[in-house]
Amino acid sequence: MSSRTLSSRCRRCRLLSGLGLIFLIAFVSYHVQFPGLVSSAGIEPAGGIFPHVFPRLYDKLIENDSQSSSSSTRTTSFLWVKVDLLCETCCILGIVLSSIVACGILHHGGLIMIMTLLYYILVQLGGVFYSFQWDTLLLETGFVVSLCYAPWCCCWPRSSSCRSSSSSSARSSSSISEQQEVGRWPIRFLLFKLMFMSGVVKIQSDCPTWTNLTALEYHFATQCLPGPLAWYAHQMHPLLLRLGVAMTLWIEIPGAFLLISWKSTFRKFGAWMQIALQIMIVLSGNYNFFNALTVLLCLACLEEEGKEEEEDDDDNDDDDGAGRGVEKVVVPSPKKEKIKRKRCRGRYDLHLCFAYLAWTFSNMFEIHNVPVILAKKNQPAADHDHGKDMTITLTWTKEFCEFIIEKTVPVVICFVMIYVLSYLPEMLNTSSTVQNKRKQWQSVIHLLVCFLCIGMSSVPFINLSPGLRMSVDGGHWTMLPVHMFFKPWKNYIQPFHFSNGYGLFRRMTGVGTSRIVTRTSCQISIQKEGWGGLEPSIVERPEVILRGEFSPKSTFRELTFRWKPGDVRKRPKQVAPHQPRLDWQMWFAALGSYQHNPWFIHLIHKLLQGCGPVIELLDEPLLAKGDEKLVSVESLLYHYDFSSPLATNNTKYCNGDDQQHDGGRTSAGDWWVRSGPIREYVPKVVRDDPSLLQYLKAYGYRANMCLTSNDRCKLLQPGSKSMTICRMVAAIRNFT
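Being a predicted model, the structure only gives us computed values, none of them experimental.

Attention now goes to the overall build of the protein. The helix and strand tally for the protein stands at 31 helices and ten strands. Taken over 736 residues, the protein has a buried fraction of 53%. Put simply, 79% of the contacts in the protein that link residues at least 6 apart link residues at least 24 apart. When the accessible area of the protein is evaluated, it comes to approximately 33,000 Å², of which 59% is carbon and sulfur surface.

Moving on, we get to the pattern of salt bridges. Considering all chains together, one arrives at 13 salt bridges under this definition. Here Arg 242 makes a salt bridge to Glu 217, at a shortest N to O gap of 2.7 Å. Placement of the pair is Arg 242 in helix α12 (residues 238–252) and Glu 217 in helix α10 (residues 216–222), with a sequence separation of 25 residues. Residue class for Arg 242 comes out buried when judged on its relative accessible area of 4%. With its nearest N and O atoms 2.9 Å apart, the salt bridge here joins Glu 620 to Arg 557.

Another aspect to go through is helix α19 (residues 398–421). An ideal rise of 1.5 Å per residue puts 34 Å on 24 residues; α19 measures up with 34 Å between its terminal C-alpha atoms. The sharpest bend along α19 reaches about 30 degrees and sits at Thr 408, with the proline Pro 410 one to four residues further on. The complete set of buried residues in α19 reads Cys 401, Glu 402, Ile 404, Ile 405, Val 409, Pro 410, Val 412, Ile 413, Cys 414, Val 416, Met 417 and Val 420.

Another aspect to go through is the state of the cysteines. The final tally for this structure, using the stated rule, is one disulfide. Between Cys 611 and Cys 706 runs a disulfide, and the two sulfur atoms are separated by 2.1 Å. Looking down the S-S bond of the Cys 611 and Cys 706 bridge, the torsion is 90 degrees, so its handedness is right-handed. Taken together, the positions of Cys 611 in the loop between α26 (598–609) and α27 (612–615) and Cys 706 in the loop between α29 (690–698) and α30 (709–714) put the pair 95 residues apart, joining distant regions of the chain. Residue Cys 706 is classed as partly exposed on the basis of its relative accessible area of 25%. Residue Cys 148 stays outside any disulfide, its sulfur separated by 3.4 Å from that of Cys 453, the closest cysteine.

Closest axis-to-axis distance for the α12/helix α14 (residues 264–284) pair is 10 Å, and the angle between their directions is 140 degrees. By the angle between their directions, the pair α12 and α14 is classed as oblique. Between α12 and α14 lies a crossing whose hand is left-handed. Taken together, the residues of α14 that come into contact with α12 (itself represented by Thr 248, Trp 250, Ile 251 and Glu 252) are Met 273, Gln 274 and Leu 277. Residue composition of the contact of α12 with α14, grouped by class: four nonpolar, two polar and one charged.

Here we come to the packing of α14 against helix α15 (residues 290–298). Packing of α14 against α15 leaves a shortest axis separation of 9 Å and a crossing angle of 170 degrees. By the angle between their directions, the pair α14 and α15 is classed as roughly antiparallel. Contacts between α14 and α15 involve Ala 271, Gln 274, Ile 275, Gln 278, Ile 281 and Val 282 on the former and, on the latter, Phe 290, Asn 291, Thr 294, Val 295 and Cys 298. Looking at the contact of α14 with α15 residue by residue, the classes come out as seven nonpolar, four polar and no charged.

This brings us to the sheet that holds strand β10 (residues 672–686). Ordered in space as β6-β5-β7-β10, the four strands form an open sheet in which the pairing is antiparallel. Lying at the two open borders of the sheet, with one neighbouring strand each, are β6 (555–558) and β10. Going across the sheet, the axis of each strand differs from the next one's by a mean of 25 degrees, ignoring polarity. Alignment of strand β5 (residues 541–551) against strand β7 (residues 629–642), held across eleven bridges, turns out to be antiparallel. Following the sheet pairing, Ile 545 is matched in β7 by Leu 636.

It is worth spelling out the nonpolar core at this point. Core analysis: the largest hydrophobic core is formed by 175 residues, its most contacted members being Tyr 119, Phe 196, Phe 365, Leu 582, Trp 599 and Phe 600. A total of 14 residues in this core trace back to one element, the largest contributor, which is helix α8 (residues 167–204). With near-sequence residues (within four places) excluded, Phe 600 lies in contact with Val 544, Leu 546, Met 586, Ser 635, Tyr 681 and Val 682. By size, the runner-up hydrophobic cluster in this structure holds seven residues, among which are Val 81, Leu 85, Cys 713 and Cys 726.

Over its 15 residues, helix α31 (residues 721–735) extends 21 Å from the first C-alpha to the last, a length consistent with the 21 Å expected when each residue adds 1.5 Å. Considered for burial, the residues of α31 that qualify are Met 723, Cys 726, Val 729, Ala 730 and Arg 733. Along the long axis of α31, the arc covered by the buried residues comes to 130 degrees, so they all point the same way. Summarising the geometry of α31, the exposed residues directed more than 90 degrees from the buried face are Lys 721, Arg 727, Met 728 and Phe 735.

Right, let's talk about unusual backbone geometry for a bit. Across the junction of Ser 551 and Pro 552, the peptide omega takes the value 15 degrees, indicating a cis bond. Note that Pro 552 resides in the loop between β5 and β6. In this structure, the amide linkage connecting Gly 676 to the following residue, Pro 677, adopts the cis form with an omega of 10 degrees. Among the structural elements, Pro 677 can be located in strand β10. Of note in this structure, Asp 206 is not a glycine but carries a positive phi near 60 degrees. Here Asp 206 is to be found in the loop between α8 and α9 (208–211).

Now for the confidence of the model for the protein. For the protein, the mean per-residue pLDDT works out to 79, and 76% of the residues sit at or above 70. Of the regions scoring below 50 in pLDDT, residues 380–388 engages in 13 contacts with residues more than four places distant in sequence or in other chains. The low-confidence segment residues 647–667, where pLDDT is below 50, has 52 contacts with residues more than four positions distant or belonging to other chains.

For Gln 579, the position within the fold is in the loop between β6 and α25 (581–591). Engagement of the side chain of Gln 579 in a polar contact is seen with the side chain of Asn 288, the distance being 3.0 Å. With near-sequence residues (within four places) excluded, Gln 579 lies in contact with Ser 29, Gln 33, Phe 132, Trp 134, Asn 288 and Trp 584.

What characterises a pair of aromatic rings is the spacing of the ring centres plus the angle enclosed by the ring planes. Following the criterion strictly, the structure yields 42 aromatic pairs and no others. Plain terms: the ring middles of Tyr 232 and Trp 671 are 6.2 Å apart, the flat faces sit at 75 degrees to each other, and that makes the pair edge-to-face. Of this pair, Tyr 232 sits in helix α11 (residues 230–234) while Trp 671 sits in the loop between β9 (660–662) and β10, placing them 439 residues apart in sequence. Trp 671 gets classed as buried once you look at its relative accessible area, which sits at 9%. Following the ring pairs from residue to residue traces out a cluster consisting of Phe 132, Trp 134, Tyr 287, Phe 290, Phe 505, Trp 584, Trp 587 and Phe 588.

On to the environment of His 446, then. You can see His 446 is positioned in helix α21 (residues 434–457). C-alpha separation for the pair His 446 and Val 182, spaced 264 residues apart in sequence, amounts to 8.2 Å. Residue contacts for His 446: discarding those within four places in its chain leaves Leu 147, Cys 148, Tyr 149, Gln 179, Val 182 and Gly 183.

It is worth spelling out a nonpolar patch on the surface at this point. On the surface, Leu 229, Tyr 232, Ile 279, Met 280 and Leu 283 cluster together into a nonpolar patch covering about 490 Å² of accessible area. Within the secondary structure, Ile 279 is located in helix α14. Given a relative accessible area of 45%, Ile 279 falls into the partly exposed group.

Secondary-structure assignment places Ile 413 in helix α19. For Ile 413, a relative accessible area of 1% translates into the label buried. Sequence separation between Ile 413 and Ile 260 is 153 residues; the distance between their C-alpha atoms is 9.8 Å.

Criteria and cut-off values
- Residues numbered from 1 in each chain as written.
- Predicted model: local features only at pLDDT ≥ 70, side-chain atom pairs only at ≥ 80, totals over all residues.
- Heavy atoms only, no water.
- Helix = DSSP H or I, 4+ residues; strand = E, 2+ residues; numbered from the N terminus.
- Buried < 20%, exposed > 50% of the residue type's maximum accessible area, 1.4 Å probe, protein only.
- Contact = heavy atoms within 4.5 Å.
- Areas by Shrake-Rupley, 256 points an atom, 1.4 Å probe, with all protein chains shown as cover.
- Salt bridge = Lys/Arg side-chain N within 4 Å of Asp/Glu carboxyl O.
- Expected span 1.5 Å × (residues − 1).
- Bend = angle between axes of the 7 residues up to and from the residue.
- Disulfide = S-S within 2.5 Å.
- Axes fitted to C-alpha atoms, helices over the stretch in contact; angles between N-to-C directions.
- Parallel < 35°, antiparallel > 145°, perpendicular 65-115°, else oblique.
- Left-handed = near helix turned anticlockwise from the far one by under 90°.
- Nonpolar A, V, L, I, M, F, W, Y, C, P; charged D, E, K, R; others polar.
- Pairing = 2+ DSSP bridges.
- Core = buried A, V, L, I, M, F, W, Y, C linked by side-chain atoms within 4.5 Å.
- Arc of directions from axis to C-beta.
- pLDDT = per-residue confidence, 0-100.
- Polar contact = N/O pair within 3.5 Å; in protein donor to acceptor, adjacent residues only side chain to side chain.
- Phe/Tyr/Trp six-rings, centres within 6.5 Å; stacked < 30°, edge-to-face > 60°.
- Patch = residues over 30% accessible without salt bridge, like charges linked within 9 Å, V, L, I, M, F, W, Y side chains within 5 Å.

Structure, rendered in structure tokens:
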């Protein structure tokens with residue numbers, strides 16, 4: 001087997017092992033948070049969600065339990081306990097299987113498919129805490145990789161694929177290489193869909209922060225869980241931040257087309273652009289496994305096609321011979337010319353790629369007033385003329401973006417599908433032996449599966465533009481080859497998250513307004529003019545703060561969460577790739593009201609009840625040990641912003657006690673400044689409040705239900721299979 005083929009198979013093993021590692025992270029993160037989030041004692045019990053997502057299985061369980069128990073309440077308790085066992089069993093099984101794949105012990109499409117189905121069950125039963133786009137992205141990636149890229153007819157351990165050089169492996173390397181080439185294209189198309197849709201929805205949303213390129217002036221302080229370096233990134237000059245927004249849009253929209261080019265040079269350059277973007281996101285924020293998963297998808301774009309690999313093998317034949325102790329052969333003149341042409345072609349492709357990127361950047365943006373400033377960010381406005389500052393503006397509008405979508409997306413989809421079908425003649429051009437015929441039909445079936453996956457994955461594109469929806473419904477020729485066939489399947493595949501639309505950071509949150517606010521003993525004054533002639537970027541990150549009354553000392557203080565902002569002296573922490581789902585959901589709750597987040601009221605009830613699994617999600621050791629008990633809880637809404645390195649302005653902020661805090665970092669080392677309380681988020685709630693219990697009952701929550709893993713086993717019938725599974729699950733949880 002040639003060294004190039006071995007290298008290709010090693011990269012395939014790395015991608016599969018990387019996917020197994022990401023699944024392992026997702027399953028372990030679920031296992032850690034399961035008791036407090038979605039267990040029968042959690043905030044959003046999976047038992048209440050189960051009848052809606054798996055109605056047929058629910059009816060069978062109810063029928064079986066009703067025969068052994070006459071009490072409907074007891075039957076419901078049995079059902080919730082069994083759903084807990086189902087979730088924990090799926091999670092533990094997923095940890096075991098993903099560990100096998102991550103370690104490279106076994107790489108098989110069926111194994112990855114089982115992992116994906118297990119995580120699908122957990123996502124379906126996770127409710128609001130597992131409704132994020134990266135969860136659906138992981139599911140879609142698992143389906144695509146298991147069907148199109150992972151081997152089904154042979155299980156390639158890492159050792160045999162990367163180290164073996166036997167003659168049998170050499171004979172089968174040709175057919176395996178063809179399947180790898182075809183299997184990469186659905187992954188590349190998925191990456192293209194993710195990045196392209198994430199880019200265009202920002203412009204289509206008409207959010208002023210994206211159209212004015214000021215999004216990063218808010219993003220670092222208003223993202224869900226800022227990272228340790230987010231504070232420093234927030235202090236950068238506005239010009240650098242706006243260039244960063246421009247680079248983000250440039251990489252996500254024009255750069256996405258490089259990922260599906262037929263030129264390997266284009267694909268590699270586009271992949272490295274996406275990897276650089278993900279690294280910048282990782283350095284400033286906590287987005288669990290999303291960035292690692294995106295980088296993993298980029299690996300499929302870093303590999304060359306088979307013909308290019310064969311040329312490289314020919315070029316390296318002499319080096320291989322010299323390495324075995326054979327006398328080095330002088331390369332004939334025609335071969336030197338071939339190598340020279342190949343290198344020239346590579347340089348030409350690279351120059352063409354640079355030209356394309358330069359043209360798209362100049363078409364998307366305009367740069368005004370070539371730099372005459374070296375002014376610092378905090379320099380007073382009177383010291384220099386803002387009109388002379390170098391500025392960059394976005395020229396693409398929503399209408400032009402939709403025009404680009406309608407003209408390019410149909411062409412891209414058809415090109416990818418036709419390019420995949422172009423491998424068919426090469427697969428059919430084999431000898432007529434029985435063994436080759438069997439491999440030939442395997443390759444053809446694999447190609448058809450990849451073709452179908454690309455077609456179904458392209459269905460969400462029709463939601464990007466009204467023109468695409470009209471072309472599909474009206475039978476317009478631009479979308480006829482693809483979506484007229486695949487659109488009817490949408491209703492069948494959508495519940496399984498096999499084909500999803502994406503739109504990360506569509507609109508920027510925490511955008512304040514320029515105004516003067518007076519509160520009792522302090523005043524918030526904000527400069528009237530921002531940088532570059534635009535309005536100032538005022539950050540008002542909403543945060544819900546829980547303030548409780550504790551017994552027996554009747555003290556009042558704020559409840560501390562592990563990761564989300566609260567104490568202004570608490571530095572942002574690094575938590576990724578783990579995702580603390582409660583802290584994330586608290587960020588979404590602050591953007592709305594408790595009426596749209598009934599789980600928030602259930603959280604307060606669990607805290608007042610002293611439910612251990614839920615309290616463990618917070619950073620309250622005394623409350624978790626039982627040394628303190630909550631008597632009442634009030635929820636207040638505050639506005640947060642990062643502090644400034646120097647207190648050079650007259651901005652003042654107030655906290656809940658009407659104490660003044662300087663706008664910059666104080667000598668005590670505040671990382672945040674906050675104003676408020678802005679308003680009361682939830683009225684004061686006391687323990688055993690009748691209105692609270694009535695509210696929970698209306699939304700299907702069961703009050704006063706807080707069972708540990710050991711307590712659940714006591715409700716099951718002794719000697720039953722459920723009891724055995726429950727004890728095993730409890731033993732594993734107690735051990736971990």
